[in-house]
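# Report on the structure
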Amino acid sequence: MSTRSWLERAVAQNPWKPNPWFESVAVAQARARKRLPAPVYAALVAGSERGQTIDENERAFTELGFAPHVVGQHAERALTTTVMGQSLSLPVMISPTGVQAVHPDGELAVARAAAARGTVMGLSNFASKPVEEVTATGAPTFFQMYWTGDRDVMVQRMERAHAAGAVGLIATLDWSFSMGRDWGSPEIPEKIDARTMLRLAPKVATKPRWLYQFGRTGQIPDLTAPNLARSDGSAPTAAPGGETPPMPAYGSAPTFFGAYYEWMTTPPPTWEDVAWMRETWVQVSGTPFMLKGVCRIDDARRAVDAGVSAISVSNHGGNNLDGTPAAIRMVKPIADVVGDQVEVVMDGGIRRGSDVVKAVALGAKAVMIGRAYLWGLGANGQAGVENVLDVLRGGIDSALRGLGVASIHDLRPEHVLVPQAFHRSLGGDEVASVPDRAPSVSLTS
């Protein structure tokens, strides 16, 4: 029996068999690293400059502790919550990340996993799958936009997302185009063609299972951004499988670097632009608006003034301005000031359910995850993403039980052991000092 036919039969019998269940996000990451070609894995790790912030995002959680009870725990714990009007079965949402072509199904696999586990899908406008296909999975979807292109183009993209069924908009405005990594950046080709495949063949050939996964679908990794394609003025076409609503007709999708160039050459937004973006989205859709990337109290106040529904305390996963404090250090100072006016979520460094509990106790209503689910996607597709969400759910439930808390809504700062000078009150009346010791660098966080 050939290797190909054996693998086909194994996959058909048990889709989990090639990569069985994993017990932690760290194991998912290890399996993704083993399964993916080195440049693909390195693109998921990403990071910026010396890697200080990417490491700090995860390391800061280790400074926080718990004081568990020995008796009196609740037999059942409630994990459900709502964010921007959407019901969540656990306080974890999928953060939008660009070009998830590490798996043939990409964002579709992630959206199906989100729907299966009762949470929200965040879809980047740099995604490799069209918004119409993602919303067709049934996952409630927050469409994410950068400030890229002129206002007419942005309105067109908002209208497309609303027509596809997006239930909220996330504006990510914290990007500073930081360049260079001390450990080197992976090669990301402009497009995948015969010449590119030949050049990359030695690196890809070492991962035959990953190569076969794409080969059996007849697809090659798509490095375009279909949600940034501009309308060509033609009549709408039928959505895949004949579902409604119909898909508008768009021109060719720009390549990742073509889209990146548009982004780089768009003048940075002002707070008036943020207010315009929020007002325009409400006019187009009538659904909530989140500003992602808030690190400072004064910015959080300005976001409230601009009328946002929610803010995400985030440093872009350490991919942005290196040296920014860990998101978990900034969440409580911000939530203390604006948490009674807007919903506050946190994004950055979540690797286990106890991290989620710490973030919620310090003022976040929920968290968003990025690399964690990408490791699951790389390790085992949709099942791997579901596995990651299950791992986080189990960890949340376990921490609540140990703390003697019946619901995530009962979590308070006093449930967490917080060392002195842990929090960073950036842009507030008082700014906590930053330790002189720089955090160690980890290229696997």
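Here the structure is shown first, and the text comes after it.
We now turn to the structure provided with this report. (Residues numbered from 1 in each chain as written. Predicted model: local features only at pLDDT ≥ 70, side-chain atom pairs only at ≥ 80, totals over all residues. Heavy atoms only, no water.)

### Some thoughts on the overall build of the chain
Secondary structure assignment for the chain yields 15 helices and 10 strands. Expressed as a percentage of the 445 residues in the chain, the buried residues total 54%. Across the chain, every contact between residues at least 6 apart in sequence was considered, and the portion connecting residues at least 24 apart equals 74%. (Helix = DSSP H or I, 4+ residues; strand = E, 2+ residues; numbered from the N terminus. Buried < 20%, exposed > 50% of the residue type's maximum accessible area, 1.4 Å probe, protein only. Contact = heavy atoms within 4.5 Å.)

### Some remarks on the nonpolar core
Counting 93 residues, the largest nonpolar core has Ile311, Ile328, Met346 and Ile369 as its most contacted members. Sort the elements by how many residues they give to this core and helix 15 (residues 371-403) lands first, with 14 residues. Look past the residues within four positions of Ile311 in its chain and what remains in contact with it is Met290, Leu291, Val294, Ala300, Ala303, Ile334, Val338, Val342, Glu343, Val344 and Val345. Residues Val83, Val120, Phe142 and Met368 belong to the second largest nonpolar core, which totals 12 residues. (Core = buried A, V, L, I, M, F, W, Y, C linked by side-chain atoms within 4.5 Å.)

### What to know about the packing of aromatic side chains
Inspection of the entire model under this criterion finds six aromatic pairs. Plain terms: the ring middles of Phe126 and Tyr146 are 5.6 Å apart, the flat faces sit at 85° to each other, and that makes the pair edge-to-face. Note that Phe126 is positioned in the loop between strand 4 (121-124) and helix 6 (131-135) and Tyr146 in strand 5 (residues 141-146), a separation of 20 residues in sequence. Taking the centre distance of 5.5 Å and the plane angle of 85° together, the rings of Tyr260 and Trp263 count as edge-to-face. Of this pair, Tyr260 and Trp263 both sit in helix 10 (residues 256-264), three residues apart, roughly one helical turn. When its relative accessible area of 15% is taken as the criterion, Tyr260 is described as buried. In this structure Trp263 comes out as buried when scored by relative accessible area, which is 9%. A connected cluster of aromatic rings, assembled from ring pairs, spans Phe126, Tyr146, Tyr260 and Trp263. (Phe/Tyr/Trp six-rings, centres within 6.5 Å; stacked < 30°, edge-to-face > 60°.)

### Here's the deal with the packing of helix 5 (residues 106-116) against helix 15
Packed helix pairs are specified by the crossing angle of their axes together with the interaxial distance, meaning the distance between the axes. Interhelical geometry of helix 5 versus helix 15 gives an angle of 15° and a closest axis separation of 8 Å. The pairing of helix 5 with helix 15 is recorded here as roughly parallel in orientation. Viewed along their axes, helix 5 and helix 15 form a crossing whose handedness is left-handed. The residues of helix 15 that touch helix 5, namely those facing Gly106, Ala109, Val110, Arg112, Ala113, Ala114 and Ala116, are Tyr373, Leu377, Gly381, Gln382, Val385, Glu386 and Leu389. In the contact of helix 5 with helix 15, the residues fall into nine nonpolar, three polar and two charged. (Axes fitted to C-alpha atoms, helices over the stretch in contact; angles between N-to-C directions. Parallel < 35°, antiparallel > 145°, perpendicular 65-115°, else oblique. Left-handed = near helix turned anticlockwise from the far one by under 90°. Nonpolar A, V, L, I, M, F, W, Y, C, P; charged D, E, K, R; others polar.)

### A word on helix 14 (residues 353-361)
Burial within helix 14 is extensive, with nine of its nine residues counted as buried. For helix 14, the set of buried residues is Gly353, Ser354, Asp355, Val356, Val357, Lys358, Ala359, Val360 and Ala361. Contacts made by the buried residues of helix 14 are with strand 3 (92-94), helix 13 (327-338), strand 9 (343-347), strand 10 (366-369) and helix 15. Residue Gly363 follows helix 14 closely and has a positive phi angle near 125°.

Just distances and angles here, no functional claims.
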